[in-house]
Amino acid sequence: SPSAAATAATAKPSALPVDGSPRSPIEWFVTPTGDPRQDSVLLVIQEYFSMSYRLFDRPNPNDPLIARLTIDPWRSYLTGAIGRLAERGLSQRGPLRIQITNLTVTGARAQANACDDTTTSLTHEANGQIIARGSFGWYLVSLRNVGGNWRVANLISPPPDCTISQ
C-alpha cells in the first residue's frame, strides 16, 4: 500500500498563474504525462517559473508565493537574489519560452530539466536603461514533497546549453 506522503502527493495542487506577467509572458513547451502525480510536479514547476519571472519584473523578496513554492536551500537563495534586484532597482522583462523535459518522480523527490529562452528579455535599470539581454538557460530542477505539497528545493545550472524543440 502506498505511503501517506505518496498518496497525498497525487493530489493536484491549487492552480496558481503559470503565464508569467503581462510584461513577461511565458510560452510553455510541456507535455502532460497523464499520471496525476507527475503532472502535479509539472504544474508546480510551471507555477514556480511563472512566479520567478514575475518577481524578476517586479522584485519583491517578501512575496508569499516564495514560501509556498520553495524550500531551503533554494528559498534562501531566491529571496536574496530577488532582494538584490530590488535594492539595485533592476527589472528583467520580456517574453520567454520554457520547455520541461526528463521528469522523474521517486517517493518524495522529483526532478526535471528546464530550458528557458530569455533571448527576448531585457534587464532594465530603474531609469529604464537596458543593461543586459537574456540568453538560453538549462536547469536541473529538484523538488521535494513536504506535507503533501511539491516545492522547489534547488536549481542547478550545469554547463550544457539547451534549445527548445517545437
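Residues numbered from 1 in each chain as written. Predicted model: local features only at pLDDT ≥ 70, side-chain atom pairs only at ≥ 80, totals over all residues. Heavy atoms only, no water.

Asks: Could you clarify how one ought to interpret helix α2 (residues 36-57) in this entry?
Replies: Residues spaced three or four apart along an α-helix point in a common direction, a consequence of the helix completing one turn every 3.6 residues. Look at α2: 32 Å from first C-alpha to last across 22 residues, which is about the 32 Å you get at 1.5 Å a residue. Capping of α2 at its N-terminal end is provided by Asp 35; its side-chain oxygen lies 3.0 Å from the backbone amide nitrogen of Arg 37. (Helix = DSSP H or I, 4+ residues; strand = E, 2+ residues; numbered from the N terminus. Expected span 1.5 Å × (residues − 1). Polar contact = N/O pair within 3.5 Å; in protein donor to acceptor, adjacent residues only side chain to side chain.)

Asks: What's the story with the layout of surface pockets in this structure? I'm lost.
Replies: By rolling a water-sized probe across the atoms, one finds the places where empty space is left. The computed volume of the largest pocket comes to approximately 520 Å³. Lining the largest pocket are 24 residues; nearest its centre among them are Tyr 53, Phe 56, Gln 92, Asp 116 and Tyr 139. Listing elements by their share of the lining of the largest pocket, those giving two or more residues are α2, α4 (74-88), β3 (91-93), β7 (130-133) and β8 (136-146). Looking at the lining of the largest pocket element by element, the count peaks at six residues for α4. Counted by class, the lining of the largest pocket contains 13 nonpolar, eight polar and three charged residues. (1 Å grid on protein atoms, 1.4 Å probe; cavity = no way out; pocket = protein on both sides within 12 Å on 5 of 7 lines; lining within 4 Å. Points joined across faces, edges and corners; volume = space filled by probe spheres on them. Nonpolar A, V, L, I, M, F, W, Y, C, P; charged D, E, K, R; others polar.)

Asks: In this structure, what is going on with the pairing of β8? I would like to understand it.
Replies: In summary, the side chains of a regular strand alternate between the two faces of the sheet. Note: strand β5 (residues 109-117) against β8, nine bridges, orientation antiparallel. Bridged to Cys 115 within β8 is Trp 138. Across seven bridges, the pairing between β8 and strand β9 (residues 149-156) is antiparallel. The residue bridging Leu 140 from the neighbouring strand is Ile 156, located in β9. Here β8 folds back onto β9, and the loop between the two strands holds two residues, one of which, Gly 147, carries a positive phi near 60 degrees. (Pairing = 2+ DSSP bridges.)

Asks: Please explain unusual backbone geometry as it appears in this structure.
Replies: Outside of glycine, negative phi angles account for most residues, and trans bonds account for most peptide bonds. Following Asp 72, the chain continues into Pro 73 via a peptide bond in cis, with omega recorded as 15 degrees. Inspection of the secondary structure assignment puts Pro 73 in the loop between α3 (64-69) and α4. With phi around 55 degrees, Asn 102 is a residue other than glycine that occupies positive phi space. Along the chain, Asn 102 falls in strand β4 (residues 96-106). According to the relative accessible area criterion, Asn 102 is exposed, its value standing at 56%. (Buried < 20%, exposed > 50% of the residue type's maximum accessible area, 1.4 Å probe, protein only.)

Asks: Mind showing me how you'd approach the sheet that holds strand β6 (residues 122-124) here?
Replies: Backbone-to-backbone hydrogen bonds join strands into a sheet, with any given pair of strands oriented parallel or antiparallel. Sheet architecture is open: three strands sit in the order β3-β6-β7, paired in antiparallel fashion. For this open sheet the edge positions go to β3 and β7, each flanked by a neighbour on one side alone. Across the sheet, the axes of successive neighbouring strands diverge by a mean angle of 25 degrees, strand direction being ignored. (Axes fitted to C-alpha atoms, helices over the stretch in contact; angles between N-to-C directions.)

Asks: Help me understand the packing of aromatic side chains, please; the structure alone is not making it clear to me.
Replies: We describe a pair of aromatic rings using the distance from one ring centre to the other and the angle between the two ring planes. Within the structure shown, the criterion is met by five aromatic pairs. Members of the aromatic cluster, connected to one another through ring pairs, are Tyr 48, Phe 49, Tyr 53, Phe 56 and Tyr 139. (Phe/Tyr/Trp six-rings, centres within 6.5 Å; stacked < 30°, edge-to-face > 60°.)

Asks: Could you clarify how one ought to interpret the pattern of salt bridges in this entry?
Replies: A side chain with one charge may pair with a side chain of the opposite charge, provided their charged atoms come close. Taken as a whole, this structure holds three salt bridges when the rule is applied. The salt bridge involving Asp 63 is made with Arg 54; its shortest N-O contact spans 2.9 Å. You can call Arg 54 partly exposed: its relative accessible area is 27%. With its nearest N and O atoms 3.3 Å apart, the salt bridge here joins Arg 97 to Asp 117. (Salt bridge = Lys/Arg side-chain N within 4 Å of Asp/Glu carboxyl O.)

Asks: What is the right way to look at the sheet that holds β9 in this model?
Replies: Reading across the sheet, the six strands line up as β1-β2-β4-β5-β8-β9 and stay open at both edges, with mixed pairing between neighbours. Because the sheet does not close on itself, it has two edges, and the strands there are β1 (20-21) and β9. Sitting on the sheet, α2 touches β1, β2 (24-29), β4, β5, β8 and β9, and the angle it makes with β4 is about 145 degrees. (Contact = heavy atoms within 4.5 Å.)

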